[in-house]
Structures are given as structure tokens and as C-alpha cells.
Amino acid sequence: MSRINAEKQLEQWIDQYQNLIYSICLQLTKDYFDAQDLTQETFLSAYKNLAYFDGRNAKAWLCKIASRKCLDYLKHSGRKQIPTDSQFLITCSPTQPPPEKEVMDNALHRDLYDCCMKLKEPYRQVALDYFYHEMEPVEIAEKRGKNLKTIQTQIYRAKAMLRKLYRKEDLLNG
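Below is a short write-up of the structure. Per chain, the residues get numbers from 1 upward, laid out in the order the sequence is written. Given that the model is predicted, a residue must reach a pLDDT of at least 70 before its local features are reported, and side-chain atom pairs must reach 80 or more before they are shown or counted; all residues, however, enter totals for whole chains, interfaces and linings. No hydrogens and no water enter the side-chain calculation; it runs on all heavy atoms of the structure.

Helix and strand assignments come from DSSP, with helices taken as H or I runs of at least 4 residues and strands as E runs of at least 2, each series counted from the N terminus. Counting secondary structure elements, the protein contains 8 helices and 0 strands. Going residue by residue from the N terminus, the α and β elements of the protein occur as α-α-α-α-α-α-α-α. Only protein chains enter the accessibility calculation, which uses a 1.4 Å probe; a residue whose area is less than 20% of its type maximum is buried, one above 50% is exposed, and one in between is partly exposed. Evaluated residue by residue, the protein yields a buried proportion of 26% over its 174 residues. When checking whether two residues touch, look at their non-hydrogen atoms; a contact exists if any pair is within 4.5 Å. Sequence separation of at least 24 residues holds for 56% of the intrachain contacts in the protein that already meet a minimum separation of 6. In these tables, accessible area is a Shrake-Rupley quantity obtained with a 1.4 Å probe, and a residue counts as shielded only by the protein chains included in the view. By element, 53% of the accessible surface of the protein is carried by carbon and sulfur atoms, the whole surface being about 13,100 Å².

With that settled, the discussion passes to the packing of aromatic side chains. Paired rings are identified among Phe, Tyr and Trp, the last through its six-membered ring, by centres lying within 6.5 Å, and are further divided according to the angle between planes into stacked (under 30 degrees), edge-to-face (over 60) and tilted (the rest). By the definition in use, this model includes 7 aromatic pairs. Put simply, the rings of Trp13, Phe53 and Trp61 touch in pairs and so form one group of aromatic residues.

Checked against the element boundaries, Asp129 lands in helix α6 (residues 123–132). Using a relative accessible area of 2% as the deciding quantity, one classes Asp129 as buried. For the purposes of these results, a polar contact is taken to be a pair of N or O atoms within 3.5 Å, where, inside protein, one atom must be able to donate a hydrogen and its partner to accept one; residues adjacent in sequence count only when each atom of the pair is a side-chain atom. Polar contacts involving the side chain of Asp129 include one to the side chain of Arg144, which spans 2.7 Å. Beyond its immediate sequence surroundings of up to four residues, Asp129 is in contact with Glu134, Met135, Ile140, Lys143 and Arg144.

It is worth spelling out the nonpolar core at this point. Residues Trp13, Tyr17, Ile21, Cys25, Phe43, Trp61 and Leu62 are the most contacted members of the largest nonpolar core, which totals 20 residues. Residue contacts for Leu62: discarding those within four places in its chain leaves Trp13, Tyr17, Ile21, Thr42, Phe43 and Ala46. Buried Ala, Val, Leu, Ile, Met, Phe, Trp, Tyr and Cys residues that are joined via side-chain atoms within 4.5 Å together make up what is termed a nonpolar core. Leu119, Leu128, Leu162 and Leu165 belong to the second largest nonpolar core, which has 10 residues in total.

With that out of the way, let us pick up the side chain of Thr29. Mapped onto the elements of the fold, Thr29 is located in helix α1 (residues 3–29). If sequence neighbours within four positions are ignored, Thr29 has contacts with Asp34, Ala35, Leu38, Cys70, Tyr73 and Leu74.

Attention now goes to the pattern of salt bridges. Note on definitions: salt bridges are taken to be side-chain nitrogens of Lys or Arg within 4 Å of carboxyl oxygens of Asp or Glu. In the structure shown here, the tally under the stated rule is 3 salt bridges. Close ionic contact of Lys143 with Asp129 constitutes a salt bridge, the shortest N to O distance being 3.1 Å. Here Asp129 lies in helix α6 and Lys143 lies in helix α7 (residues 137–144), a separation of 14 residues in the sequence. Two residues, Asp129 and Arg144, come together in a salt bridge whose shortest N-O distance is 2.7 Å. Of the two residues, Asp129 is situated in helix α6 and Arg144 in helix α7; the sequence distance between them amounts to 15 residues.

Take helix α2 (residues 32–48) next. In this scheme, a helix's expected span is set at 1.5 Å multiplied by one less than its residue total. Between its first and last C-alpha, α2 extends 25 Å over 17 residues, near the 24 Å set by a 1.5 Å rise per residue. Every buried residue of α2 is listed here: Asp34, Ala35, Leu38, Thr39, Thr42, Phe43, Ser45 and Ala46. Taken down its axis, α2 places every buried residue within 165° of arc, on the same side. Facing away from the buried side of α2 by more than 90 degrees, the exposed set consists of Phe33, Gln40 and Lys48. In this structure Asp31 caps α2, since a side-chain oxygen of it lies 3.1 Å from the backbone nitrogen of Phe33. For this quantity, the arc is that covered by the directions from the helix axis to the C-beta atoms.

Here it is, written out as C-alpha cells:
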């Protein structure tokens, strides 16, 4: 494959699979910045190894590269990590969470509430009680005067609906 064709192929893959690869990296590393770096490394590795690509299922090939990059990173990152002053201070003061975490938690909590409010009844109230107010299914069943199995089914369905809403919002914001 010529260099120009390889670059076009890479651009197409980045456009098509960047969010997927990033989400895999974020899921495995649990770190926003590491996930960004590993996403770039994944596409760079794919470009370098394009000659070994058999032309079938680029998505699976890229996902495999991403997961291997992340696993390698996780194996070696623990040995290389030197705590910075801020990391040391965070570990020394467990009584109060850092302000960044509080801001992020509040934003996530707001997003969760907004998504729950987009659901139709009875899923809206069940989702709010279970996910937002962190009530147990038994408590929700007692509060609503409903069968526990009914509440568990509604929670399951609300979870699927919320997952779709989050994905849709990620695509719109991403």
C-alpha cells in the first residue's frame, strides 16, 4: 500500500473508530489523559503495521491493538510511577476529597439526573430512586407499593435506556 493510501486509510479509521478506541482505553486505564495517549499510540501502531493488516475487520484489529497497548501500559506503569507532590498530598489527606473530584462528581450527578428525567414513567422514578438516590430495589418496591420483581425489571429496562441516552449524548458531544 502506498504511503498516501495508507494515510487516507488511517484518516478514515480515525474518523470512524476514534471514539470506540478511546472508550476502550479509558475503560481499561481509568485515566482520561492516558486514554488519549494510548488512543494515539493505537492509531500510530496501526499505521506502522498496516502491511500486516489482512484487510478484514479493521474494527476488531484496532480494538485488539488498543487493548494490548493498554495492557502493556498497565503492566509497566506501576513500576515507573513516581508520586508527585500533589499525589502525595492527596494520599495524606483522606478526610476531604480534592476539589476537582467534587466538581466532576457534581457534573456527573447532574448529567445522571438529566438523563433520568428524559425517561418516561414508570422508568423515570425508578431510575431516579435507584441510580440517583441510590436506593435498594427492596426500598423502592416498598416506597411504590409494587412487587420486587416488577421493580427489578423496571431498573433493568431503565439501565438499558440510560445507556442508550449516554451513548447518544457522547456522540452528540464527541
